[in-house]
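These are the residues of each chain, in order.
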Amino acid sequence: MPHFSDIIGQEQIKEHLQRAIQMHKVSHAYIINGERGSGKEFIAGIFAMTLQCEKEETEPCMECHSCKQAMSKNQPDIMYLVHEKPNTISVEDIRDQINHDVQIKPYSSRRKIYIINDAEKMTPQAQNALLKTLEEPPEYVVILLLTTNASLLLPTLISRSIVLNMKPVEDKLVRKYLMEDIKIPDYQADICVAFARGNIGKAKSLAVSEDFDNIKKEAITVLKYIHDMEIGDLIQAIKKIGEYKVDIQDYLDIVMIWYRDVLLFKATNDANDLIFKDEVKYIREQANQSTYEGIETIIKAIEKTKLRLDANVNFDLALELLMLTIKEN
């Protein structure tokens, strides 16, 4: 049952929104800014549900008619903007679903709440149309703009909104959530935490992804035996990666974390802080055989490969170059 207390981390945002409800100082527009998977939709949903709850407290009661409707996304006064073009929110979308609708009083609640996901996809014309509503909004209107990049919004739109920035969640909280709620073992949680970098949604999707687990095993097998592998074997291994439905940057993150472990072990000779603790035998071997310069060269090459892939360089070619650099060092 979603409550503000179910939001992991994000204490400042929770406190701000609950205080606004308590003090009856709810703004007409909020921008919730944070990377994909960080929990913006979850927070917006709880805020909207609480604002419409018939008990009028700082948590949704879950029992009133409005809360029950909101849980099944059927609350008539909580509206989610839909747009037909996947990468654009057009001026027509804003006019039809917000500007023409705001003058109609709420159907059954105190407020009308509009939730715009991927708000950075609004065209400048769409943003200007929304500004018209925000210049003189009816008393009962609240607009929640969820965005992965608030800098793509017009300064005038930002100045009329309260901007709430999502923060990375502490690793220990992400780890606790994965172990207690998703029920995964500690060693698996450690790897997901290392990858998620404070993004709770990403941590959860990695924890339940079979492809991620498979690609992790593939990557580690290559990294363990890379110095004994022939070029032909490496090319086969690279071809295999392409078959998985995994973001290739995740594959490179696995490689990066492996070499960070090698570097850490070389510096400290201590296995406790390693992410890949269960591979300590191979990490020790590589740390002993490598120089600091060699490991640094590999880490720089991984970063360069990420940039190459962002620039749409051929995947197989970019990875072959990386594997040869690793082999040489």
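In this report, we go over the structure that sits alongside the text. (Residues numbered from 1 in each chain as written. Predicted model: local features only at pLDDT ≥ 70, side-chain atom pairs only at ≥ 80, totals over all residues. Heavy atoms only, no water.)

1. With respect to the sheet that holds strand β2 (residues 78-80)
Thought 1: Taken in spatial order, the 5 strands of this open sheet run β2-β3-β4-β1-β5, and their pairing is parallel. Every interior strand has two partners, whereas the edge strands, β2 and β5 (162-165), have only one. This sheet shows a mean twist of 20° between the axes of neighbouring strands, independent of strand direction.
Thought 2: Sheet topology note: the strand β1 (residues 29-33)/strand β4 (residues 141-147) ladder contains 5 bridges and is parallel. Pairing of Ile 32 across the sheet is with Leu 146, part of β4. (Pairing = 2+ DSSP bridges. Helix = DSSP H or I, 4+ residues; strand = E, 2+ residues; numbered from the N terminus. Axes fitted to C-alpha atoms, helices over the stretch in contact; angles between N-to-C directions.)

2. Quick notes on helix α2 (residues 40-52)
Thought 1: The end-to-end C-alpha distance of α2 is 18 Å, a good match for the 18 Å that 13 residues give at a rise of 1.5 Å each.
Thought 2: For α2, the buried fraction is high: 10 of the 13 residues fall into the buried class.
Thought 3: Burial in α2 covers these residues: Lys 40, Ile 43, Ala 44, Ile 46, Phe 47, Ala 48, Met 49, Thr 50, Leu 51 and Gln 52.
Thought 4: Against α1 (11-22), β1, α3 (65-71), β2, β3 (112-116) and β4 lie the buried residues of α2. (Expected span 1.5 Å × (residues − 1). Buried < 20%, exposed > 50% of the residue type's maximum accessible area, 1.4 Å probe, protein only. Contact = heavy atoms within 4.5 Å.)

3. Thoughts on a nonpolar patch on the surface
Thought 1: Together, Val 313, Leu 317 and Leu 321 give the surface a local cluster of nonpolar side chains, amounting to about 220 Å² of exposed area.
Thought 2: Tracing the backbone shows Leu 317 in helix α15 (residues 315-328). (Patch = residues over 30% accessible without salt bridge, like charges linked within 9 Å, V, L, I, M, F, W, Y side chains within 5 Å. Areas by Shrake-Rupley, 256 points an atom, 1.4 Å probe, with all protein chains shown as cover. Salt bridge = Lys/Arg side-chain N within 4 Å of Asp/Glu carboxyl O.)

4. Points about the pattern of salt bridges
Two side chains carrying opposite charge are able to pair once their charged atoms lie near each other.
Thought 1: For the structure on display, the rule yields 20 salt bridges.
Thought 2: When the shortest N-O distance is used, the salt bridge between Lys 14 and Glu 11 registers 3.3 Å. Of this pair, Lys 14 and Glu 11 both sit in helix α1, separated by 3 residues, roughly a single helical turn.
Thought 3: Overall, the relative accessible area of 10% leaves Lys 14 in the buried class.
Thought 4: Overall, Glu 11 belongs to the partly exposed group, its relative accessible area being 49%.
Thought 5: Among the ionic pairs, Asp 316 bridges to Lys 239, the shortest N-O distance being 3.1 Å. On the criterion of sequence distance, the pair formed by Asp 316 in helix α15 and Lys 239 in helix α11 (residues 231-241) is long-range, its members being 77 residues apart.

5. Examining the packing of aromatic side chains
Thought 1: Counted according to the given criterion, the structure contains 4 aromatic pairs.
Thought 2: Their ring planes at 80° and their centres at 5.1 Å tell us that Phe 195 and Phe 212 sit as a pair that is edge-to-face. Placement of Phe 195 in helix α8 (residues 186-196) and of Phe 212 in helix α10 (residues 210-225) is noted, with a sequence separation of 17 residues between them. The same class applies to Phe 195 as to Phe 212, namely buried.
Thought 3: Looking at Lys 266, its charged tip hangs above the ring of Tyr 292, at a distance of 5.4 Å from the centre. (Phe/Tyr/Trp six-rings, centres within 6.5 Å; stacked < 30°, edge-to-face > 60°. Lys NZ or Arg CZ within 6 Å of the ring centre and 35° of its normal.)

6. Some remarks on helix α7 (residues 171-180)
Thought 1: Buried within α7 are the following residues: Val 174, Tyr 177 and Leu 178. Projected down its long axis, α7 shows its buried positions confined to an angular sector of 95°, all on one face.
Thought 2: Contacts from the buried residues of α7 go to α8 and α9 (200-207). (Arc of directions from axis to C-beta.)

7. A short note on the pairing of β1
Thought 1: Counting buried residues along β1, 5 of its 5 residues qualify, which places the element largely inside the surrounding structure.
Thought 2: The side-chain alternation of β1 yields two buried faces, one formed by Ala 29, Ile 31 and Asn 33 and the other by Tyr 30 and Ile 32.
Thought 3: In the sheet, β1 pairs with β5 via 4 bridges, with the strands oriented parallel. When the bridges of β5 are listed, Ile 32 appears paired with Leu 164.

8. A word on the packing of α7 against α9
Thought 1: Their axes nearest at 10 Å, the elements α7 and α9 cross at an angle of 35°. α9 is crossed by α7, and the crossing has right-handed handedness. For the pair α7 and α9, the contacting residues are Val 174, Tyr 177 and Leu 178 in the first and Ile 200, Ala 203, Lys 204 and Ala 207 in the second.
Thought 2: Of the residues that constitute the contact of α7 with α9, the class distribution is 6 nonpolar, no polar and 1 charged. (Left-handed = near helix turned anticlockwise from the far one by under 90°. Nonpolar A, V, L, I, M, F, W, Y, C, P; charged D, E, K, R; others polar.)

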